[in-house]
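Take a look at the letters that make up each chain.
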Amino acid sequence: VCSSDLREIQQGLQPVSLPDAGWFRAAGSSRASAQVGGDYFDVHQNSPDSWTAVVADVSGKGVSSALLASLLQGTFLMASGDPLHIQPRMARLNEFLLERTRGEKYATVFYGILESSGVLSYANAGHCAPFLLSRDGRIRTLHTTSMPVGMLEDATFQMVQTKLAPGDKVVIYSDGLTEAESASGAFYDTERLRHCLREHAGSAAAELHAALLADVDTFAAGGAVRDDITALVIEYSPPA
């Protein structure tokens, strides 16, 4: 498979459409720094009362990382929507990567299940800590719960739960976003990200996602793009 074919396959694996109505809404994108990348995101419905969201970043670049990212996506597509399965799924994924790559590749993964009750169950395997943004601009951090998958045989993967309020949004991103460089070599960094989120706290998921990408693009105009940039915003919007 040549890299252009793989890029087309990768783009085809991204969600064709994301929900913009109902109690669960989402907006996301993934831009590869090279022709193919090791980032991916996905959102899929488990049942009328449950959705899964995943963002992953495979170490390295190029075809091998892109192929591994595609394999990871298949693993999560086959996963059940039961929050109790998050921990064993991550453990199995860890075994899979160690078997296939012998520790030469690893992946950071945020894997979350949001239910219509507002309960978010998640595991964060070494991924950038997502932000939980309230309508009033308050920001909480969904901290890392374990090491990346594919690094250690005896790694444990904790599942954590938190309750979202109506209008809350979870912003999940890869480190390529905060490490986007300006023409002067400065990083976009998490402080700029937090400032952008506060400015658009009252916006819906799609508007917040668009505003974030526009802010990063403006900042990084003329700068170097050294890593894939992935951002996913999920919003809890139950009927009033």
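Bear in mind the structure is a predicted one, so any value in this text is a computation, not a measurement.

Trainee: Teacher, can you tell me more about the sheet that holds strand 5 (residues 119-125) here?
Mentor: Two pairing modes exist for strands in a sheet, parallel and antiparallel, and in both the strands are linked by backbone hydrogen bonds. Read from one edge to the other, the open sheet built from five strands follows the order 2-3-4-5-8, with strand pairing classed as antiparallel. The open sheet is flanked by strand 2 (39-47) and strand 8 (160-163), the only strands paired with a single partner. With strand direction ignored, the average angle separating the axes of adjacent strands in the sheet is 15 degrees. Pairing of strand 5 with strand 8, which is carried by four bridges, proceeds in the antiparallel orientation. The partner of Ser121 across the bridge, within strand 8, is Gln161. Those strands touched by helix 3 (residues 86-101) are strand 4 (107-115) and strand 5, and its axis lies near 160 degrees from that of strand 4.

Trainee: Would you explain the packing of aromatic side chains in this entry?
Mentor: What describes a pair of aromatic rings is the distance from one ring centre to the other and the angle between the planes of the rings. This structure, assessed with the given rule, holds seven aromatic pairs. When the centroid spacing of 4.7 Å and the interplanar angle of 5 degrees are considered together, the rings of Phe24 and Trp51 count as stacked. Of this pair, Phe24 sits in strand 1 (residues 24-31) while Trp51 sits in strand 3 (residues 50-58), and the two are 27 residues apart along the sequence. Looking at Phe24, the relative accessible area reads 2%, which means it is buried. When its relative accessible area of 13% is taken as the criterion, Trp51 is described as buried. Aromatic ring contacts, followed pair by pair, group Trp23, Phe24, Trp51 and Tyr236 into a single cluster.

Trainee: I'm lost on the pattern of salt bridges in this one. Help?
Mentor: In a structure, side chains of opposite charge can pair up when their charged atoms sit close to one another. According to the stated counting rule, one finds seven salt bridges in the structure shown. Here Arg192 and Asp189 are joined by a salt bridge, their closest N and O atoms 3.3 Å apart. One end of the pair, Arg192, and the other, Asp189, are both in helix 5 (residues 189-199), three residues apart, so they sit about a helical turn from each other. Here the salt bridges do not stand alone but share partners, grouping Arg92, Glu95, Glu99 and Arg100 into one network.

Trainee: For this particular structure, what's the right way to read helix 2 (residues 63-77)?
Mentor: The α-helix advances 3.6 residues per turn, and as a result positions three or four apart in sequence lie on the same side. The first and last C-alpha atoms of helix 2 sit 21 Å apart over 15 residues, in line with the 21 Å expected at 1.5 Å per residue. Among all positions of helix 2, only Ser65, Ala66, Leu68, Ala69, Ser70, Leu72, Gln73, Thr75 and Phe76 are buried.

Trainee: Could you clarify how one ought to interpret the nonpolar core in this entry?
Mentor: Side chains of nonpolar character tend, in soluble globular proteins, to be buried together. Core analysis: the biggest nonpolar cluster contains 23 residues, and Leu72, Phe76, Met90, Val109, Tyr111 and Val149 have the highest contact counts within it. Looking at this core, the elements that each hand over two or more residues are strand 3, helix 2, helix 3, strand 4 and strand 5. Of all the elements, helix 3 adds the most residues to this core, at five residues. Those residues in contact with Val109 that lie beyond four places of it in its chain are Val54, Val55, Ala56, Phe76, Met90, Ala123, Asn124, Ala125, His127 and Val149. Among the nonpolar cores identified, the runner-up in size contains 22 residues, and Tyr173, Leu177, Ala201 and Ala220 belong to it.

Calculation rules
- Residues numbered from 1 in each chain as written.
- Predicted model: local features only at pLDDT ≥ 70, side-chain atom pairs only at ≥ 80, totals over all residues.
- Heavy atoms only, no water.
- Pairing = 2+ DSSP bridges.
- Helix = DSSP H or I, 4+ residues; strand = E, 2+ residues; numbered from the N terminus.
- Axes fitted to C-alpha atoms, helices over the stretch in contact; angles between N-to-C directions.
- Contact = heavy atoms within 4.5 Å.
- Phe/Tyr/Trp six-rings, centres within 6.5 Å; stacked < 30°, edge-to-face > 60°.
- Buried < 20%, exposed > 50% of the residue type's maximum accessible area, 1.4 Å probe, protein only.
- Salt bridge = Lys/Arg side-chain N within 4 Å of Asp/Glu carboxyl O.
- Expected span 1.5 Å × (residues − 1).
- Core = buried A, V, L, I, M, F, W, Y, C linked by side-chain atoms within 4.5 Å.

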